[in-house]
Amino acid sequence: MSTIDLAASPNDLRALAEQSNAWPFEQAKAIVARLKKQPKDEVLFETGYGPSGLPHIGTFGEVARTTIVRHAFRVLTEDKIKTRLLAFSDDMDGLRKVPDNVPNKEMLTAYLGKPLTRIPDPFSNEFPSFGAANNARLRAFLDRFSFDYEFASSTDYYTSGRFDATLLKMLAAYDEVMAIILPTLGPDRRATYSPFLPISPVSGKVLQVPMVARNVERGTISYVEPDSGETIEVEVTGGRVKCQWKADWAMRWVALGVDYEMAGKDLIDSVKLSSRICAALGGTPPEGFNYELFLDEQGQKISKSKGNGLTIDEWLRYASPESLSLFMYREPKAAKRLHFDVIPRNVDDYQQFLDGFPRQDARQQLANPVWHIHAGHPPAADMPVTFQLLLTLVSSSNAENAATLWGFIGRYRPGVTPQTHPRLDAMVGYAINYYRDFVAPTKKFREPTDTERAALQDLRDALSQLPPASTAEEIQNVVYEIGRREPFLDAVKKGKDGRPGVSLDWFNMLYQVLLGQEKGPRFGSFVAVYGLPNAVAMIDGALARSA
């Protein structure tokens, strides 16, 4: 078959997937190989979240990417093996510092060191704890994207006894675990380290104290209570302790039987150590890979506590959920800036991938991001204009309402309306928001040189002589021909007639002088939508400003 038939058998689709080198299939193949060594009836995918700060877009990215791998695995196994995705919140962790982006910081300061689920909600009285409030936010934005997942709370799992059997294994393997961790620590940290963190019955804090004794038979550890100096013996079960981070991760993998979990590049060493601890507990570390980090405008790692980088809501103010999914799909092992200026490209690239999908053969379709983003069923492409073109229309006409933009679109594509193209209508709203917040404040028109003024005058005259019904291609040919002059000639890039081509400097000049921006869409397409009379008037205005 040349393209993927939606009615194709699972066997046919699996055969294609086995030949694909798209990164989700490569990850899924590793899980398939794992099952050949250790067969099981259910595969567990896990993602982790530390609710000491607000959920950020990186958390979404981990769930989105894991969901994509999960679908690839289902294809490779013809959906014959049950799969689950567990979104695990480490909400029993002690609050180590007050986040920068939350209210009531002074109140939170009084609770430093206590489990997140034993700290009051700083946002409102809606939730019983800080951890519960952030967990609710995590679930809300995962639900917003209709992810198929189960939520898990560390506090619930510890206190309910779900981890008890593995915690006792950790106690029995205490010396081996310490031998793995201690060489990685400095002298001061080594002196106080223990894989178990008791919850103080005196202060309620998660204590980082050394163990003075342990009793495997009774399932207990003993430590010196900092506030009283008393030696306290406590069971490691029933939520009376929690594990240190790397030990906790390994304990969870063993207790739950996690088969796949990815993590950020900053956790490479943690993955290695947790994998060794997992093996010491008799488990097999999960498959996965380390993805690169998202960076903010200054190239710094985005952080829950700092609140830098984009939020989910900010992205969705300016672009579709699908464009965000594309951003997450692309090059997961490459560091990427997560700033507002990446949005337009991802919006238009998503449409290009969608437009090209029906024309691709089956192998190419399985490498197309939209196949993975839409779990094998991408929608039909139907977007008459690009996001960049909409931005340019808003910018050139100063149109800050949808009706004005739809006037241009309706003339360019008769019969296209908000009712017939609701996704385009949504994109119109995104473009207006993006223009108001980012384009308008930075618009800066430059003055044309004398040579550029002469070229603009010639372009104005040529456009004014074109028939009103000229196509975008006919307009582009005129624009190109007018630009075929010094200093815009490109001797390397030849035209169709073999003569020197036109450099990007010509088109950059049009954007900078006429539109007050550095980049723009294909100029002929812009003029076709904007209208020849409007384009002529725009050039007249630019010439008048520089007279």
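Procedures and definitions
- Residues numbered from 1 in each chain as written.
- Predicted model: local features only at pLDDT ≥ 70, side-chain atom pairs only at ≥ 80, totals over all residues.
- Heavy atoms only, no water.
- Pairing = 2+ DSSP bridges.
- Helix = DSSP H or I, 4+ residues; strand = E, 2+ residues; numbered from the N terminus.
- Axes fitted to C-alpha atoms, helices over the stretch in contact; angles between N-to-C directions.
- Contact = heavy atoms within 4.5 Å.
- Salt bridge = Lys/Arg side-chain N within 4 Å of Asp/Glu carboxyl O.
- Buried < 20%, exposed > 50% of the residue type's maximum accessible area, 1.4 Å probe, protein only.
- Core = buried A, V, L, I, M, F, W, Y, C linked by side-chain atoms within 4.5 Å.

## Concerning the sheet that holds strand 1 (residues 42–49)
Picture the strands of a sheet paired through backbone hydrogen bonds; they go either parallel or antiparallel. Read across the sheet, three strands follow the order 1-2-3 without closing on themselves; strand pairing throughout is parallel. The two strands at the open ends of the sheet, each matched to only one other strand, are strand 1 and strand 3 (150–153). Direction aside, the axes of adjacent strands within the sheet are offset by 30° on average. Bridge count between strand 2 (residues 82–89) and strand 3: four bridges; the pairing is parallel. Pairing of F88 across the sheet is with A152, part of strand 3. The sheet contacts of helix 3 (residues 57–76) involve strand 1 and strand 2, and relative to strand 1 the element is tilted by about 170°.

## Observations regarding the sheet that holds strand 7 (residues 231–235)
Strands sit in the order 5-6-7 across an open sheet of three strands; the sheet is antiparallel. The open sheet has two edge strands with one neighbour each: strand 5 (211–215) and strand 7. Geometrically, the sheet is characterised by an average inter-axis angle of 20° between neighbouring strands, direction not taken into account. Bridge count for strand 6 (residues 220–224) against strand 7 is five bridges, and the pairing is antiparallel. Each bridged residue has a counterpart across the sheet, and for I221 the counterpart in strand 7 is V234.

## Description of the pattern of salt bridges
Enumeration over the complete set of coordinates arrives at 33 salt bridges. The partner of R14 in a salt bridge is E78, with the nearest N and O atoms 2.6 Å apart. Placement of the pair is R14 in helix 1 (residues 10–19) and E78 in the loop between helix 3 and strand 2, with a sequence separation of 64 residues. One exposure class covers both R14 and E78, and it is buried. E481 serves as the salt-bridge partner of R499, at 3.4 Å between the closest nitrogen and oxygen. One end of the pair, R499, is in the loop between strand 13 (489–494) and strand 14 (500–502); the other, E481, is in helix 21 (residues 472–482), with 18 residues separating them in the sequence. Residue R499 is classed as partly exposed on the basis of its relative accessible area, which comes to 38%. Through salt bridges with shared partners, one network takes in E46, D90, K242, D248 and R252.

## Describing the nonpolar core
Grouped together as the largest cluster of nonpolar side chains are 116 residues, with contacts concentrated most on W315, L463, W506, L510 and L514. For this core, the element with the highest residue contribution is helix 3, accounting for ten residues. Dropping the residues within four chain positions of it, L514 is found in contact with F445, L456, M509, F523, M538, I539 and A542. Among the nonpolar cores identified, the runner-up in size contains 47 residues, and L171, A173, V234 and V241 belong to it.

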